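Each chain is listed here by its residues.
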Amino acid sequence: MNQVKVFMYFTCVRSLSSEKYRGRSITEMIRSPTPEPKPIMGNGVLTLESQACVVGASKVGKSIFTIGLGLSIAAGRTHLGIEVLKPCKVLYLNFEAHQAIMEKRVKTIKGKLLIPSDTPFRQLTLLGNDIPQVNTEQGRQQLIDNIKAQEDFTPEVVILDNRWKITVGDPNQEENIKPLCLNLEAVRAKTGVVFIIVHHHGYNTPGVGAGSSAWDRWVNTAFDLIPHHWEGTKQGLRSSKEIKVEIGGNYTPGQTLYLVRQYPIFRVGGNDIWTQPISKRDEAENFLISELQQGTIEEGILRDRAKQAGIRDSTFESTIKDLKQDGKIFTKQDSTKQGRHNLVGLR
């Protein structure tokens, strides 16, 4: 009797397994085609089957691009001209910047994009020994625990910023990257999340980023941020404000965005911003007018914001002077404060 039960059990298991791995005939493909992956963003840019990365050289704006992307997906808002078809709960795991810096970035970008405060977007910073080394078994489980620890919040999209922080060993070696890719697959199978991973490449090496060919094979959707040019400064190379984003992958015919970085977000431009980059003077004017559309601002605060956006003091001062002469802005003394406190506003 026991032998019969064992035989029936293994027959059942074999039957289920063979059905799972049975190929489909051409007739079956025609009569009952398998549904395509459900889209998150239009034009196949991001789907529920995507394994995505945001890639670019250092200081090109990967994090602010990705925060804006995550907020827009969570809010169901069109992002840089790409429609979000399925709003998703988003968890942003940061492994690099201090939590205070991340909170400031998120709040500032949220304000600029007019994202509601109740948007299902969460951000968690993990530093030092708390960073999961995902190419190890322990790190894989740690990442699962990080995702499941959100209690009543079940994320559908998880952003990992950035890849090299979650990898033990040389991130360019196959022996370290292949386990990372396999473990990300395992975490995805366990949690059902879509990963968007921030990664870097060199100044002149576009693609899916530095690393072994295993990474190239794993990524099926890439947002590649390419600056128009690089400028030499006292602090080293700085990318131009004009950024081209080439989007490609298995589920999309491809798309190119032409953007201008206006701290703390990117704005959509046209091909002309790539063929004829705006001057530093025009860049400063566009930035100042954009800031002043929110209302009158103290000149010192406006100057600090311009500095954060990469606008030099000399350019700031000359642009303010020109805009006053052109009648586009006004300055006046703040009567509520002692000393020289000018207010700046649009006419």
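Caption draft 1: Just the overall build of the chain, in detail. The secondary structure content of the chain amounts to eleven helices and 16 strands. Residues counted as buried form 44% of the 347 residues belonging to the chain. A separation of at least 24 residues holds for 65% of the contacts in the chain among residues at least 6 apart in sequence. When the accessible surface of the chain is split by element, carbon and sulfur atoms take 51% of a total near 18500 Å².

Caption draft 2: Broad picture of the pattern of salt bridges. Enumeration according to the criterion identifies 15 salt bridges in this entry. With a shortest N-O distance of 3.7 Å, aspartate 313 and lysine 307 are connected by a salt bridge. The class for aspartate 313 is partly exposed, based on a relative accessible area of 32%.

Caption draft 3: Representation of the environment of lysine 59 in the model. Positionally, lysine 59 belongs in the loop between strand S3 (51-56) and helix H3 (62-75). Since its relative accessible area comes to 68%, lysine 59 is described here as exposed. Distance in space between the C-alpha atoms of lysine 59 and leucine 237 is 8.8 Å, their sequence separation being 178 residues. In this structure, lysine 59 is in contact with Ser239 and Arg261, ignoring residues within four places of it in sequence.

Caption draft 4: The arrangement of the pairing of strand S7 (residues 194-200) in detail. In terms of residue burial, S7 counts as a mostly covered element, since six of its seven residues are buried. The pairing of strand S6 (residues 157-161) with S7 spans five bridges and is parallel. Bridge pairing links valine 157 to valine 194 in S7.

Caption draft 5: The packing of aromatic side chains, seen in detail. Under the counting rule described, the total for this entry stands at four aromatic pairs. Seen in terms of ring centroids, phenylalanine 65 and phenylalanine 266 are 6.0 Å apart; in terms of plane orientation they differ by 75°. Their pairing is edge-to-face. Of this pair, phenylalanine 65 sits in helix H3 while phenylalanine 266 sits in strand S13 (residues 265-268), placing them 201 residues apart in sequence. Take phenylalanine 65 and phenylalanine 266: they sit in the same class, and that class is buried. Ring geometry for tyrosine 92 against phenylalanine 121: centres 6.4 Å apart, planes inclined by 50°, an arrangement best described as tilted. Of this pair, tyrosine 92 sits in strand S4 (residues 90-94) while phenylalanine 121 is found in strand S5 (residues 121-125), placing the two residues 29 residues apart along the sequence. On the basis of relative accessible area, tyrosine 92 is assigned to the buried category, the value being 0%. Chaining the aromatic ring pairs together yields one cluster made of Phe65, Phe223 and Phe266.

Caption draft 6: Layout of the sheet that holds strand S15 (residues 329-333). Taken in spatial order, the three strands make up an open sheet running S14-S16-S15, and their pairing is antiparallel. Each having just a single partner strand, strand S14 (297-298) and S15 make up the two edges of the open sheet. The pairing of S14 with strand S16 (residues 342-346) spans two bridges and is antiparallel. Within S16, the position partnered with isoleucine 297 by the bridge is valine 344. Sheet strands touched by helix H9 (residues 280-292): S14, S15 and S16. Its angle to S16, the strand with the most contacts, is close to 95°.

Caption draft 7: Examining the nonpolar core more closely. In terms of nonpolar packing, the biggest core is built from 40 residues, with Met41, Phe65, Ile73, Ile196 and Val245 touching the most fellow members. For this core, the element with the highest residue contribution is H3, accounting for seven residues. Core analysis: the second largest hydrophobic core is formed by 27 residues, Val55, Phe95, Leu126 and Ile144 among them.

Caption draft 8: Structural view of the environment of serine 63. When you line up the elements, serine 63 lands in helix H3. Serine 63 sits in the buried class, given a relative accessible area of 16%. It is 9.8 Å that separates the C-alpha atoms of serine 63 and histidine 199, two residues lying 136 residues apart in sequence. If sequence neighbours within four positions are ignored, serine 63 has contacts with Tyr92, Arg105 and Asp161.

Caption draft 9: Structural detail: helix H6 (residues 174-191). With 18 residues, H6 extends 25 Å from end C-alpha to end C-alpha; this agrees with the ideal 26 Å at 1.5 Å per step. Looking at H6, one finds that the buried residues are Asn176, Ile177, Leu180, Cys181, Asn183, Leu184, Val187 and Arg188. The elements touched by buried residues of H6 are S3, helix H5 (137-148), S6, S7 and helix H7 (213-218). The first or second residue beyond H6 is glycine 192, which carries a positive phi of 80°.

Cut-off values and rules
- Along every chain, residues carry numbers that run from 1 in the direction the sequence is written.
- Local features in this predicted model are restricted to residues whose pLDDT is 70 or higher, and side-chain atom pairs enter the listing and the counts only when it is 80 or higher, whereas totals over whole chains, interfaces and linings include all residues.
- By convention in this description, side-chain values take in all heavy atoms of the structure and omit both hydrogens and water.
- By the criteria applied, helices consist of DSSP H or I runs no shorter than four residues and strands consist of E runs no shorter than two, each listed in order from the N terminus.
- Relative accessibility under 20% of the residue-type maximum defines a buried residue, over 50% an exposed one, and the middle range a partly exposed one, all with a 1.4 Å probe and only protein chains included.
- What makes two residues a contact is simply this: any of their non-hydrogen atoms within 4.5 Å.
- Reported accessibility uses the Shrake-Rupley method at a 1.4 Å probe radius. Residues are deemed covered only where the shown protein chains occlude them.
- Definition used for salt bridges: Asp or Glu carboxyl oxygen within 4 Å of a side-chain nitrogen of Lys or Arg.
- For two strands to be treated as a pair, DSSP must find at least two bridges joining them.
- In this scheme Phe, Tyr and Trp rings, the latter by its six-membered ring, pair at centre separations within 6.5 Å, and the angle between planes marks the pair as stacked below 30 degrees, edge-to-face above 60, and tilted otherwise.
- Comment: axis = line fitted to C-alpha atoms, over the contacting stretch for helices; angle = value between 0 and 180 degrees taken between N-to-C directions.
- For our purposes a nonpolar core is just a set of buried Ala, Val, Leu, Ile, Met, Phe, Trp, Tyr and Cys residues, chained together by side-chain atoms within 4.5 Å.
- Helices are assigned an expected span. That span is 1.5 Å times one less than the residue count.

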